[in-house]
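Report on the structure
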Amino acid sequence: MTHSALHVTEELCEEKLPIQGGPYPSATLSSYLDDRLRFEMLMTELSTQFAGVTSASIDEKTVCAQKRIAETLELDRSTLVQLRDNERFVLTHSWQLPDLKPFPGFAIKDLPWMANEILCGETVCFASIDDLPAEAYMEKEVARRFGPRSNATFPLRVGGKVIGALAFGTVHHERVWPETLITRLKFFVEMIGSALARTRAEDDTKKALEEVQRLRDQLQRENIYLQQEVKSARGHRGLIGNSTALRKVLEQVDQVAGTNSSVLLCGETGTGKELIASAIHELSPRGKRPMVRLNCAAIPETLIESELFGREKGAYTGALSRQAGRFEVAHGSTLFLDEIGELPLDVQSKLLRALQEKQVERLGSSKSISFDVRIVAATNRHLETEIREKRFRSDLFYRLNVFPIHMPALRDRIEDIPLLVEAFVHEFSKSFGKPIESIDKDCMQALQMYRWPGNIRELRNTVERAMILANGPRLRIYPPSSALGELTHSMLLSDAERGHLRNVLEITGGRIRGKGGAAELLGLKPTTLDSMLVRHGITSKLEH
Ligand SMILES: Nc1ncnc2c1ncn2[C@@H]1O[C@H](COP(=O)(O)OP(=O)(O)OP(=O)(O)O)[C@@H](O)[C@H]1O
């Protein structure tokens, strides 16, 4: 192997050369000057490059610079290691001749002398392994086994602190390290240090900005969601009732609220499942954030997936904008999946996978988004039957059914009816501006005898209707059948259509799709029925 004048003879180092001319053999001097010029030009080029380096390109540029310096100086290897956990120097950037392996990095305890020198900010330079001091016996051993034969190692500083080291070495031959060269290489290592410091600061700023952006997005999502909630004006009326059946439910709420366990609320329509879901959420440590809801029956089958998991712009025809899914919005909070029994089977599988992996991917994106969400699900269907009839996945059922709560029907807690009626009368009396002094006793008894298929929602609507008709301080409320008798029947076709739709939904227990569902009974496509229901303001939860 030939060696350039620059690194073979120490006499040829800059300090000993006159700037111009001199009694040197002209060939050696010209070769030296050529090498010197090449190296200085390389340093100038690298310093320009590193002045503008970005965090995206610093790794590539560093290895490229190591290669070019090593090739110019006819070195065999250049190694950049960085300090981790104050325990070891980890290899981060390396260039070596094709027949060599990269130097693998090292633990401080394995090369203690070298590590100590670097950490004290010293440059370690040896032309031959024998030049190392006696106390560097471990370093000598390693150098003999893995190379290098000659080496110059420079501490890498960021903001005055040693964060690693950059080494240049030879494995196939020995070489000396003239002072001028060491000075130039030190300058290069300082340049790398300051570029690293700058790009690290850039990265930190970028990360901080991303975090601010993420928090802002989350707040924005919650705000939009809250605005929608306020618009839907559901509010959080307290749970009314003092029956044993309701007290048992409230006990279960207290037991489970503080945990992260999934809760499955079962019970007929209008029994207060959603109110109980809110109570569980509000009593839980997640209660400071808004609970996020999704009614699986109210959203067309084609859109449920994008509602749950979100979508990227253009994920499918008509996806005109990016949208975060409910899982993302509910991060750190509770997701209430109402009417879970209505979820199509393929979405059930995707939901199960999301719950198992605690990650979702937006439609049209392969990026996984992690979430921390507590699930409360509700259904008025008998899920065990649905599983038997292959309409509901058993594995999803077991995942959700960690803590089941059964909501009693209103007919099984008739002692709560007077309390509920009074509370609803009070509420409507305020909002309609109609003061009510008493409620007819016979009516109250009739209300307690009625079977209430629509439960509390039906009772509430009945009270509301009576309050609209009320024209004095004494209120008479009739159970729905007699109330209907007193109302004038509408002759409008649209009212008849609405009534028929409701009747069919009542027969199917609110189910729209599948065998025996309302769409099949009506001879309609489920999507056509969906839009008819939207037009009539009917959700598949029966509303009377
Ligand atoms: N214990 C209660 N006290 C006061 N209001 C109640 C109570 N339970 C239910 N309600 C009222 O009854 C109506 C129906 O309740 P909710 O929507 O929670 O029922 P649900 O079981 O979720 O119905 P669905 O299965 O149809 O979705 C709501 O207006 C709710 O405020």
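Coordinates for the structure precede this section.
Here's a quick rundown of the structure. In this text the structure is predicted, and so the values were computed from the model without any measurement.

**Re the overall build of the protein**
Each helix and strand in the protein was counted, giving 20 helices and 17 strands. Each of the 544 residues in the protein was classed as buried or not, and the buried ones make up 32%. The long-range fraction of contacts in the protein, counting pairs at least 24 apart against all pairs at least 6 apart in sequence, stands at 70%.

**Quick look at the sheet that holds strand β14 (residues 374-379)**
One open sheet holds the five strands; their spatial order is β8-β11-β14-β7-β15, and the pairing between them is parallel. At either end of the open sheet lies a strand with only one pairing partner, and these are β8 (292-295) and β15 (403-406). Between one strand axis and the next, the sheet turns by 15° as a mean value, whatever way the strands run. Pairing geometry for β8 and strand β11 (residues 334-338), over four bridges, is parallel.

**A closer look at the pairing of β14**
On any regular strand, side chains alternate: one points to one face of the sheet, the next to the other face. Among the six residues that make up β14, six are buried, leaving the element largely enclosed by the rest of the structure. The side-chain alternation of β14 yields two buried faces, one formed by R374, V376 and A378 and the other by I375, A377 and T379. Bridge count for strand β7 (residues 263-266) against β14 is four bridges, and the pairing is parallel. In the sheet register, L265 faces β14, and the bridge partner there is A378. Pairing of β11 with β14 involves four bridges; the strand directions are parallel. Residue pairing for β14: F336 is matched across the bridge by V376.

**Let's talk about the environment of W177**
Looking at the element boundaries, W177 is found in the loop between β6 (161-170) and α6 (179-232). Between the C-alpha atom of W177 and that of C125, which follows or precedes it by 52 residues, the distance is 7.3 Å. For W177, the residues in contact, after removing those within four places along its chain, are C125, A127, A152 and I182.

**A closer look at helix α9 (residues 301-309)**
Where α9 is concerned, the buried positions are I304, E305, L308 and F309. Mapping the buried residues of α9 onto a view down its axis gives an arc of 95°, with all of them on the same face. Where α9 terminates, the next one or two residues include G310, which has phi positive at roughly 85°.

**Digging into the pairing of β6**
The buried fraction of β6 amounts to seven of the ten residues, a majority that puts the element mostly inside the structure. Across six bridges, the pairing between strand β1 (residues 77-84) and β6 is antiparallel. Its bridge partner lying in β6, S78 is registered against F168. Both strand β5 (residues 150-158) and β6 contribute to a ladder of nine bridges, which runs antiparallel.

**Considering the nonpolar core**
Grouped together as the largest cluster of nonpolar side chains are 42 residues, with contacts concentrated most on L265, I276, F327, L335, L337, V376 and A377. Other than its neighbours up to four places away in sequence, V376 contacts V263, L265, A277, I280, H281, T334 and F336. In this structure, W177, L185, F188 and A195 belong to the second largest nonpolar core, which totals 30 residues.

**Re the sheet that holds β1**
In any sheet, the strands associate via hydrogen bonds between backbone groups, in a parallel or an antiparallel arrangement. Spatially, the six strands line up as an open sheet ordered β3-β2-β1-β6-β5-β4, and their pairing is antiparallel. Both edges of this open sheet fall to β3 (106-107) and β4 (124-126), since each of them pairs with a single strand only. Packing against the sheet, helix α3 (residues 58-73) makes contact with β1, β2 (88-96) and β6, and its axis sits at approximately 60° to β2. Sitting on the sheet, helix α4 (residues 112-119) is in contact with β4, β5 and β6, with an inclination near 120° to β6.

**Notes on the packing of helix α14 (residues 417-432) against helix α16 (residues 455-469)**
Close contact between α14 and α16 brings their axes to 9 Å; oriented N to C, the two are set at 45°. Classified by the angle their axes make, α14 and α16 are oblique. With respect to the hand of their crossing, α14 and α16 are arranged in right-handed fashion. Between α14 and α16, the residues in contact are L420, V421, F424, V425, F428, S429 and F432 and I456, L459, R460, V463, E464 and M467, respectively. Its residues placed into classes, the contact of α14 with α16 shows ten nonpolar, one polar and two charged.

Conventions used here
Residues numbered from 1 in each chain as written. Predicted model: local features only at pLDDT ≥ 70, side-chain atom pairs only at ≥ 80, totals over all residues. Helix = DSSP H or I, 4+ residues; strand = E, 2+ residues; numbered from the N terminus. Buried ≥ 20, exposed ≤ 12 C-beta atoms within 10 Å, placed from the backbone. Contact = placed C-beta atoms within 7 Å. Pairing = 2+ DSSP bridges. Axes fitted to C-alpha atoms, helices over the stretch in contact; angles between N-to-C directions. Arc of directions from axis to C-beta. Core = buried A, V, L, I, M, F, W, Y, C linked by C-beta atoms within 7 Å. Parallel < 35°, antiparallel > 145°, perpendicular 65-115°, else oblique. Left-handed = near helix turned anticlockwise from the far one by under 90°. Nonpolar A, V, L, I, M, F, W, Y, C, P; charged D, E, K, R; others polar.

Function-wise, these values are silent; they only describe arrangement.
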